Amino acid sequence: MERLYGVPLTDLNSIRSLVTSPETSLITALNVWFGSLLACETFHADVHAGNLWVLRDGRIGFLDFGIVGRISPKTWAAMEGFLSSIAIEEYEQMASSLIDMGATSGNVDAKAFARDLEKVFSSMQDLDTEVIIATARSSDSRTAVSANVVVDERQMNALFLDVVRVSESYGLRFPREFALLMKQLLYFDRYTRLLAPNLNMLQDQRISIAGSKRQRDMRSNVDNWQ
């Protein structure tokens, strides 16, 4: 990691000096990360700004794999349905996907679960993204301006806890990787607001979230080999 030279994905001013389109860099980061969910044995599970950089040559650098996740084909299939349901705000589909993903000893009232999920996810729009313009004086007296997204960890954790709380009230228990995936998606949501405010991360055709047949076959072969 000491041989990677670049700037965090939230340093908008510096990113603009390295690449012509910060939005394209963000899309590249998203495609690499989503691709790793299917094609790799593990995925990076801590993509805060200190771990996700735009390098000096324009490439994306993922640092510090101290926290990684592993996702099964079954969980990812349910996660795909979950993500598509968020994009179209279809809460009954969201409830169905979460029921498929979780473990439960009884039947779940999917319609009531969907209504409660709608209340929880409407709060996501209220998550504060504070853009701070930090002005620093360089040694040659020129002013350098950088923008950073400050993510309120307490709000993010509150959202996770609300999803878990509502799900547990219906007897559901989720695999660990679900919480890891949700947190990374919220990080990427913050980056989107800064670098590409008009981008819809879950609907943009340039971002490959759903797995192709080739990717599924690749993942299946890896699982069979293991």
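The preceding data block contains the structure.
Described below are features of the structure shown in this document. On a predicted model such as this, the values are computed, not experimentally measured, just so you know.

This part covers the overall build of the protein chain. Within the protein chain one finds eight helices and seven strands. Out of the 226 residues in the protein chain, the part that is buried amounts to 43%. A separation threshold of at least 6 residues defines the contact pool for the protein chain, and within that pool the share at least 24 residues apart is 68%.

A few words now on the layout of surface pockets. Empty space within the second largest pocket amounts to approximately 160 Å³. Forming the boundary of the second largest pocket are 14 residues, of which F160, V164, F174, F178 and A179 lie nearest the centre. Elements supplying a minimum of two residues to the lining of the second largest pocket: α6 (153-169) and α7 (176-195). Split into classes, the residues belonging to the lining of the second largest pocket amount to eleven nonpolar, no polar and three charged.

As a further point, take the nonpolar core. Counting residues in hydrophobic clusters, the biggest one holds 61 residues, and the most contacted among them are W33, F34, M79 and F188. Broken down by element, this core gets its largest block of residues, eleven residues, from α7. If near-sequence neighbours (up to four positions away) are discounted, M79 is found in contact with M101, F178, L181, M182 and L185.

Now for the environment of F34. Position of F34 among the secondary structure elements: in helix α2 (residues 22-39). A C-alpha to C-alpha distance of 5.9 Å links F34 and I209, two positions 175 residues apart in sequence. When sequence neighbours within four positions are dropped, the list of residues in contact with F34 reads W76, L83, L185, I207, S208 and I209.

Thresholds, definitions, all that
- Residues numbered from 1 in each chain as written.
- Predicted model: local features only at pLDDT ≥ 70, side-chain atom pairs only at ≥ 80, totals over all residues.
- Heavy atoms only, no water.
- Helix = DSSP H or I, 4+ residues; strand = E, 2+ residues; numbered from the N terminus.
- Buried < 20%, exposed > 50% of the residue type's maximum accessible area, 1.4 Å probe, protein only.
- Contact = heavy atoms within 4.5 Å.
- 1 Å grid on protein atoms, 1.4 Å probe; cavity = no way out; pocket = protein on both sides within 12 Å on 5 of 7 lines; lining within 4 Å.
- Points joined across faces, edges and corners; volume = space filled by probe spheres on them.
- Nonpolar A, V, L, I, M, F, W, Y, C, P; charged D, E, K, R; others polar.
- Core = buried A, V, L, I, M, F, W, Y, C linked by side-chain atoms within 4.5 Å.

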